[in-house]
Amino acid sequence: MINVIGLSIGISAAIVIYLIVHYEFSFDKFEKDGDRICRVVLDMKMSGTPMYFSGVPAPLPEATRNEITGLEATVAFHQFNGDANVSISKNENDKVQVYKKQPDVIFADDTYFKLISYEWLSGSPKTLDEPYKVVLTEERAKTYFPGVNYNDIVGKRIVYNDSIITTVTGVVKNLSANTDFIFKEFISHSTIPSSGLKESYSWDNWESSNDISKMFVKLSPGTSAKDIDTKLNQLTKKYQKNNNGNFSFTFHLQPLSDMHFSTTYGTFGDHVASKPTLYGLLAVAAFLLLLGCINFINLTTAQATQRAKEIGIRKTMGSSKLQLMMQFLNETFFITVLATILSVVLVPLLLKIFTGFIPKDLHFSLLQQPGIILFLLLLIIVVSFLSGFYPALVLTKYNPASVLKNQAYAGTSGSRKALLRKSLTVSQFLIAQVFVMATLITVKQISFMLNKDMGFKKDAIIYFSVPFTYNNVFHPDPRRAVLLKNLKTIPGVQTASLATDPPSSNRWNIESLSYKDGKKEIAVDVRTKGGDTNYLKLYHIKILAGRNIEEAEMSKEYVINETYLHLLGFQNPQDVLNKQISGKPVVGVMADFNEHSLHEPVKPLLLEANDKFSSTFHIELKPQDANGGSWKKTIAQVQTAFKKLYPEEDFDYEFYDESIAKYYKSEQDISRLLKWATGLAVFISCMGLLGLVIYTTNVRTKEIGVRKVLGASVGNLVSVLSKDFLLLVVIAFVIATPIAWIAMNKWLNNFAYRTSMNWWLFAASGLLLIIIALITLSFQVIRAANANPVKSLRSE
């Protein structure tokens, strides 16, 4: 049972990790000539600050088609700016149905469908040549027109955001393969210049680039990606009029095969895989499998004394060494098959346990995934060989004459076999120690990040946004001011503010601003936030000098942070007051705060009054009452106030401390995985140690009996038998400590703010493993020490 359980744990981990890795590496493998398809990405610098985008200036694709050779296809599309509100009337007299916040809508033309192959259920790509046309996937077609034949859907009218009136001209089958091209509605690309969207999508602007304007190319056979990189950058310089030395574009091609793993440039959805994480998972699977195999070897060799006479008799009766080896390998194969069957049963349970870590689309089915069966067969063969070869080799080397005289194990305590078994046990505890140390440091870093003072208040604060469009800049929505006034009257609201984003968020705006100190001009890329007079008060951000901003529709003065203060050459906050930055005065200096996760250091930042661009409401709640229900009541009142002014909109709010915690989801997933891997590694290691203890007590049965007859106590015997095993754990600790320190120090270097790796973390890990090993030893050692010496001495 111990053999089967030990191997099944390793095999279960291997199956789950195989499913994850295979899933992630299977994305976008169906495109024809996919090895020649690339995404155009942009590395941008503003005053030396690097930024990375997957978008391009909107005019670039058309200029590329006309002026760059070596490309088989150039494909451009725009993602819909935000989610779309879709209005549909199935028939002329029917009531209009509204589908709010529909994601995955793009503007594309027929070249997109040459790049990504869809099966057309109705219509053709050429129908997107004209403006105000739309093609739906079958999923969206069934959502908007349930029960209607695809051919009858063609000609129906769909209105986007009450302004873009389109006609359905085709329906395509959903993509069945794993892909990052998740789009479900395709509005004709020519709709943008033909409508009022031209300006907001920067259609003719070479100086502007954002992540909604995408470009893919298909290289002609023999064309070098580097040559196209050079041509793209030359083409951009030709048309860009901005020659500011503080601002530069560099385009390059990213292979399609790399897109799914691009944490720098992202993909089209929320799911981006990380190759280092996947390789780490493979390492975990390999270690757990290795532990299971070592465990099997130790347990098998420990039980070998019980089969010594069987082997001697078989050899005496004429069995060859090869026959005996095949017998033992077949036995190992049978146990591995049992372990694999148990693993297959455990896998759905493990997938459920790791729901948050495993992609939603990943599933386990032997019938639907023939690759898994092949993987399992390969795994069974490899594990059977690794686990069974050494024990089979040891067992078949016994001399029949010595075996039948009970001399099979004479003098083996100092032999190579004993050394190898001890080395395997040290290896097991080495792996377990590294896992334990890594887990403790990961948990400590996550706790540090979640509890560190980021320079602002984050608890008891909610925030939500109201609709905002580019048109609101010129025609401000008066409902915002009314809503803010109403929110301030709610009894449970401590403070309310209308601003752009919270102090720390994934969204930010950058402006290149300059300050002249009389001698030279200092140009700095500054992150900006817009807010009202309550913004700093609500988030408890300290003003170190000067005053707060005053209410204004557009920016007219700045409050800067300490980092920006120092970059301008000032040390005393008072000295920068009333200095001009790009024509606007500095009226205050605020304390530094982290405007993003702790992966990044604090950047230069300013706060300005910018009511025209403010669309997010920030609310500080009063402390909870004794019953703990006051927040719920207050939020309900906030929702009522929101719905009175925005009855058609959904009230989506978020607690700010929860949004901060999301920064570290990947680290929390890694921590959770490490905890499980550590527990399994320690468990398997202890089983291996138990095997070695069983072996040793079997060999030293007579020695134990003699010691007891000569007066040794149980305590003395436990000490004698345990010290060698505990020494193995200590040796593993000594080797594991520098390995874990180097690995975790490298991991912590990813954070601008990191916890310390205290010596006690490593000491606690070693002590923990020693205690666990001692508990494991005690079961068999105490049992052996309490055995009747008369029985052990008359065993012959």
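Residues numbered from 1 in each chain as written. Predicted model: local features only at pLDDT ≥ 70, side-chain atom pairs only at ≥ 80, totals over all residues. Heavy atoms only, no water.

## Here's the deal with the packing of helix α2 (residues 60-67) against helix α7 (residues 225-239)
Line of reasoning, step 1. Between α2 and α7, the shortest axis-to-axis distance is 11 Å and the interhelical angle comes to 115°. Judged on the interaxial angle alone, α7 and α2 are roughly perpendicular. Between α2 and α7 the crossing geometry is right-handed. Contacts between α2 and α7 involve Leu 60, Ala 63, Thr 64 and Glu 67 on the former and, on the latter, Leu 232, Leu 235, Thr 236, Lys 238 and Tyr 239. (Axes fitted to C-alpha atoms, helices over the stretch in contact; angles between N-to-C directions. Helix = DSSP H or I, 4+ residues; strand = E, 2+ residues; numbered from the N terminus. Parallel < 35°, antiparallel > 145°, perpendicular 65-115°, else oblique. Left-handed = near helix turned anticlockwise from the far one by under 90°. Contact = heavy atoms within 4.5 Å.)

## Description of unusual backbone geometry
Line of reasoning, step 1. Look at Lys 101: it is not a glycine, yet its phi comes out positive at around 50°.
Line of reasoning, step 2. As for its placement among the helices and strands, Lys 101 is situated in strand β5 (residues 97-102).
Line of reasoning, step 3. For His 540, which is not glycine, the phi torsion reads 55° and is therefore positive.
Line of reasoning, step 4. Relative to the assigned elements, His 540 resides in the loop between α16 (535-538) and β18 (543-546).

## Some points on the pairing of strand β17 (residues 521-530)
Working note: regular strand, side chains alternate between the two faces of the sheet.
Line of reasoning, step 1. The buried count for β17 comes to eight of ten residues, which makes it a mostly enclosed element.
Line of reasoning, step 2. As paired elements, strand β16 (residues 509-516) and β17 share eight bridges and run antiparallel to each other. Its bridge partner being in β17, Asn 509 is matched across the sheet by Thr 528.
Line of reasoning, step 3. Counting the residues that bridge the hairpin from β16 to β17 gives four residues, and of these Gly 518 lies at a positive phi of roughly 100°.
Line of reasoning, step 4. Note: β17 against strand β22 (residues 605-608), four bridges, orientation parallel. Across the sheet, residue Arg 527 finds its bridge partner in β22, namely Leu 605. (Buried < 20%, exposed > 50% of the residue type's maximum accessible area, 1.4 Å probe, protein only. Pairing = 2+ DSSP bridges.)

## Regarding empty space enclosed by the protein
Line of reasoning, step 1. By the definition in use, this model includes five cavities of 30 Å³ or more.
Line of reasoning, step 2. Its volume calculated, the largest cavity comes out at about 180 Å³.
Line of reasoning, step 3. Contributions of two or more residues to the lining of the largest cavity are made by α1 (2-24), α9 (275-302) and α20 (665-699).
Line of reasoning, step 4. For the lining of the largest cavity, the class distribution of residues is 14 nonpolar, no polar and no charged. (1 Å grid on protein atoms, 1.4 Å probe; cavity = no way out; pocket = protein on both sides within 12 Å on 5 of 7 lines; lining within 4 Å. Points joined across faces, edges and corners; volume = space filled by probe spheres on them. Nonpolar A, V, L, I, M, F, W, Y, C, P; charged D, E, K, R; others polar.)

## A few points about α7
Line of reasoning, step 1. Spanning 15 residues, α7 covers 22 Å between terminal C-alpha atoms, matching the ideal 21 Å at 1.5 Å per step.
Line of reasoning, step 2. With a side-chain oxygen lying 3.2 Å from the backbone nitrogen of Lys 226, the N-terminal cap of α7 falls on Ser 224. (Expected span 1.5 Å × (residues − 1). Polar contact = N/O pair within 3.5 Å; in protein donor to acceptor, adjacent residues only side chain to side chain.)

## Concerning the side chain of Ser 213
Line of reasoning, step 1. Checked against the element boundaries, Ser 213 lands in strand β12 (residues 213-219).
Line of reasoning, step 2. Of the residues examined, Ser 213 reaches a relative accessible area of 4% and is grouped as buried.
Line of reasoning, step 3. In this structure the side chain of Ser 213 is engaged in a polar contact, spanning 3.5 Å, whose partner is the side chain of His 78.

## Some thoughts on the packing of aromatic side chains
For any two aromatic rings, the description comes down to two numbers: the centre-to-centre distance and the angle of the planes.
Line of reasoning, step 1. The full count for this structure, using the stated rule, is 44 aromatic pairs.
Line of reasoning, step 2. Ring geometry for Phe 183 versus Phe 268: centroids 5.0 Å apart, planes at 55°, classification tilted. Residue Phe 183 is found in the loop between β10 (164-172) and β11 (185-188), and its partner Phe 268 is found in the loop between α8 (256-259) and α9; the two are separated by 85 residues along the sequence. For the pair shown, Phe 183 and Phe 268 are each scored as buried.
Line of reasoning, step 3. For the pair Tyr 663 and Tyr 664, a centre-to-centre distance of 6.0 Å together with 85° between the ring planes defines the contact as edge-to-face.
Line of reasoning, step 4. Exposure remark for Tyr 663: the relative accessible area of 14% places this residue in the buried category.
Line of reasoning, step 5. The class for Tyr 664 is buried, based on a relative accessible area of 0%.
Line of reasoning, step 6. One aromatic cluster is present, built from ring pairs that chain together Phe 77, Tyr 112, Phe 113, Tyr 118, Trp 120, Phe 181, Phe 183, Phe 186, Phe 216 and Phe 268.
Line of reasoning, step 7. In this structure, Lys 275 is placed above the aromatic ring of Phe 261, and the distance from its NZ or CZ to the ring centre is 5.0 Å.
Line of reasoning, step 8. One Lys or Arg, Lys 452, reaches over the ring of Tyr 753 and ends 4.8 Å from the middle of that ring. (Phe/Tyr/Trp six-rings, centres within 6.5 Å; stacked < 30°, edge-to-face > 60°. Lys NZ or Arg CZ within 6 Å of the ring centre and 35° of its normal.)

## What about a nonpolar patch on the surface?
Line of reasoning, step 1. On the surface, a nonpolar cluster with roughly 470 Å² of combined accessible area is contributed by Leu 727, Val 730, Ile 731, Val 734, Ile 735 and Ile 739.
Line of reasoning, step 2. Along the chain, Leu 727 falls in helix α22 (residues 714-748). (Patch = residues over 30% accessible without salt bridge, like charges linked within 9 Å, V, L, I, M, F, W, Y side chains within 5 Å. Areas by Shrake-Rupley, 256 points an atom, 1.4 Å probe, with all protein chains shown as cover. Salt bridge = Lys/Arg side-chain N within 4 Å of Asp/Glu carboxyl O.)

## As for the state of the cysteines
Line of reasoning, step 1. Here the structure, examined in full by the defined rule, presents zero disulfides.
Line of reasoning, step 2. The thiol sulfur of Cys 293 is not disulfide-bonded, and the nearest other cysteine sulfur, from Cys 686, lies at 18 Å.
Line of reasoning, step 3. A relative accessible area of 4% means that Cys 293 is categorised as buried. (Disulfide = S-S within 2.5 Å.)

## What to know about the packing of α20 against α22
Line of reasoning, step 1. Axis separation between α20 and α22 bottoms out at 13 Å; the angle between their running directions is 160°. In this view, α20 runs roughly antiparallel relative to α22, as classed from their interaxial angle. The handedness of the crossing between α20 and α22 comes out as right-handed. Contacts from Glu 667, Leu 689, Leu 692, Val 693 and Thr 696 of α20 reach α22 at Phe 725, Leu 728 and Trp 747.

## Some thoughts on the pattern of salt bridges
For side chains bearing opposite charge, pairing can occur when the charged atoms are close.
Line of reasoning, step 1. With the rule as written, the count across this model stands at 25 salt bridges.
Line of reasoning, step 2. Where Asp 110 meets Lys 114, a salt bridge forms, and the shortest distance between an N and an O atom there is 3.8 Å. You can see Asp 110 and its partner Lys 114 sitting in helix α3 (residues 110-115), four residues apart, about one turn around the helix.
Line of reasoning, step 3. By relative accessible area, Asp 110 is classed as buried at 9%.
Line of reasoning, step 4. The closest approach of N and O atoms between Arg 707 and Glu 703, which form a salt bridge, is 3.0 Å. Of this pair, Arg 707 and Glu 703 both sit in helix α21 (residues 701-709), four residues apart, which is roughly one turn of the helix.

## Looking at the sheet that holds strand β24 (residues 653-655)
Line of reasoning, step 1. Taken in spatial order, the four strands line up as β15-β23-β14-β24 in an open sheet, and their pairing is antiparallel. Pairing within the sheet leaves two strands with one partner each, and these edge strands are β15 (493-499) and β24. Across the sheet, the axes of successive neighbouring strands diverge by a mean angle of 20°, strand direction being ignored.
Line of reasoning, step 2. Packed onto the sheet, helix α15 (residues 479-488) meets β14 (461-465), β15 and β23 (616-621) and runs at close to 165° relative to β15.
Line of reasoning, step 3. Sitting on the sheet, helix α18 (residues 630-645) touches β14, β15, β23 and β24, and the angle it makes with β14 is about 20°.

That is the geometry; function is a separate question.
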